[in-house]
Amino acid sequence: MSLLGPGLILAFVVSQALRDVYLAHVFRSVDVFATIVAAFLPMALAFGALGLWRDRAGMARLRQHWRVVAAMNVTTALAWTSYFFGLKAIQPSVVNALHSGLGPLTVVALGLAGFKIAGPQNWNRVESLCYAGLAATLGFLWLVVLDGRSGRLDFTVGDAVFGLCALIVSGVSITLSHLLAKRLNDLGLSANAVTAVRYLLIVAMALGALSGGRATGLAGPWDWAWLALVAAPLIALPLYALQVGISLTPALTAQVLRALGPVAVFALELVDPKIDWSTPALLGVVLYSAFALGAGAARGVGKR
């Protein structure tokens, strides 16, 4: 049972590679907010129904913790919207690395600042060096992107700067969102109840953005249905596995495991004709994963 949480997070890592490569292609012609509605509206309805069916008592208890629920919704909406805009502008594997990389670094920063939400923080020297390596690797990947050497053939400096800034917001926000969800889990609320209310704000925000006649890039109902049929499972099922995995896994361990995603994304994204082989990007991705694994291993040894 102790391996179930990490196993579910690793399943998320593999499936998110398929998600990111597919969505990077979609965003070339479809509006980000239209994609959010197509993907997250079915998720909100499905998980809401699942929560009412399997954990009605837990759903009722959410009212007692409405501040945490509201904060989780805000950070979730910021995270996914910013991530999608980053994915629209930058190569998927680099996006994944920069987004995921801010996870463990955010947890470390919260711990150093004394915020209890991240749990107890006592790092050994090797672990601290690995986190410093992670930070340096993120800086290296920023330089690779800004120099136009990430492999994205439709690169522009303006898009790169915007995408990089969006990924700072997404990486920090998704980490806070996961930590808030874990706090609800620690309070005795199930993954079903927490997931049921997690995507309400992002759906409302996207619907509001589209209400002014914004161009969606979708021709009609069949395009909406097809996008929902593909995007919703690619996002929902891995996220549910991640939610359950996080509820069974220490926060820092969960963030480190999630950092393995860029390697899988790099392997899959090369089928995209708009993305070319990039040795600097691969080097950054490999270094990032190595430092993430090193941090995880150092933490495991330190607990023995």
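Here, residues in each chain are numbered from 1, in the same order as that chain's written sequence. For this predicted model, a pLDDT threshold of at least 70 governs which residues receive local features, and a threshold of 80 or more governs which side-chain atom pairs are given and counted, while totals over whole chains, interfaces and linings are taken from all residues. Note: side-chain values were computed over all heavy atoms of the structure, leaving out hydrogens and water.

**Focus: the environment of Y288**
Put simply, the test is: Helix and strand assignments come from DSSP, with helices taken as H or I runs of at least 4 residues and strands as E runs of at least 2, each series counted from the N terminus. Accessible area is worked out with a 1.4 Å probe on protein chains only. A residue is then buried under 20% of its type maximum, exposed over 50%, and partly exposed in between. Note on contacts: a residue pair qualifies if any of its non-hydrogen atoms lie within 4.5 Å across the two residues.
By the secondary structure assignment, Y288 is in helix α13 (residues 279-302). Owing to a relative accessible area of 0%, Y288 belongs among the buried residues under this scheme. Placed 206 residues apart in sequence, Y288 and S82 show a C-alpha to C-alpha distance of 21 Å. Discounting residues that sit within four places of it in the chain, Y288 has contacts with A97, S100, G101, P104, L134, T137, L138, A259 and P262.

**Remarks on the packing of aromatic side chains**
We apply this condition: Between rings of Phe, Tyr and Trp, where Trp is taken as its six-membered ring, a pair exists when centres lie within 6.5 Å; planes separated by under 30 degrees are stacked, by over 60 edge-to-face, and by other angles tilted.
Per the counting criterion, the structure on display carries 10 aromatic pairs. Pairing F27 with F84 gives two aromatic rings, centres 5.2 Å apart and planes at 55°, and the pair type is tilted. Within this pair, whereas F27 is found in the loop between α1 (4-26) and α2 (32-54), its partner F84 is found in helix α4 (residues 66-89), the two being separated by 57 residues in sequence. F84 matches F27 in its accessibility class, with the two residues each being buried. Site record: aromatic cluster; members linked through ring pairs are F27, F40, W80, Y83, F84 and Y199.

**Focus on the nonpolar core**
For the record, the criterion: Buried Ala, Val, Leu, Ile, Met, Phe, Trp, Tyr and Cys residues form a nonpolar core when they are joined through side-chain atoms within 4.5 Å.
By size, the foremost hydrophobic cluster in this structure holds 68 residues, and its most contacted members are F40, M43, W80, F84 and I235. Here this core gets 11 residues from one element, more than from any other, and that element is α2. Residues within four places of I235 in sequence aside, it is in contact with R19, L23, A39, F40, M43, W80 and F84. Listed in part, the 13 residues of the second largest apolar core include M59, V68, L180 and L189.

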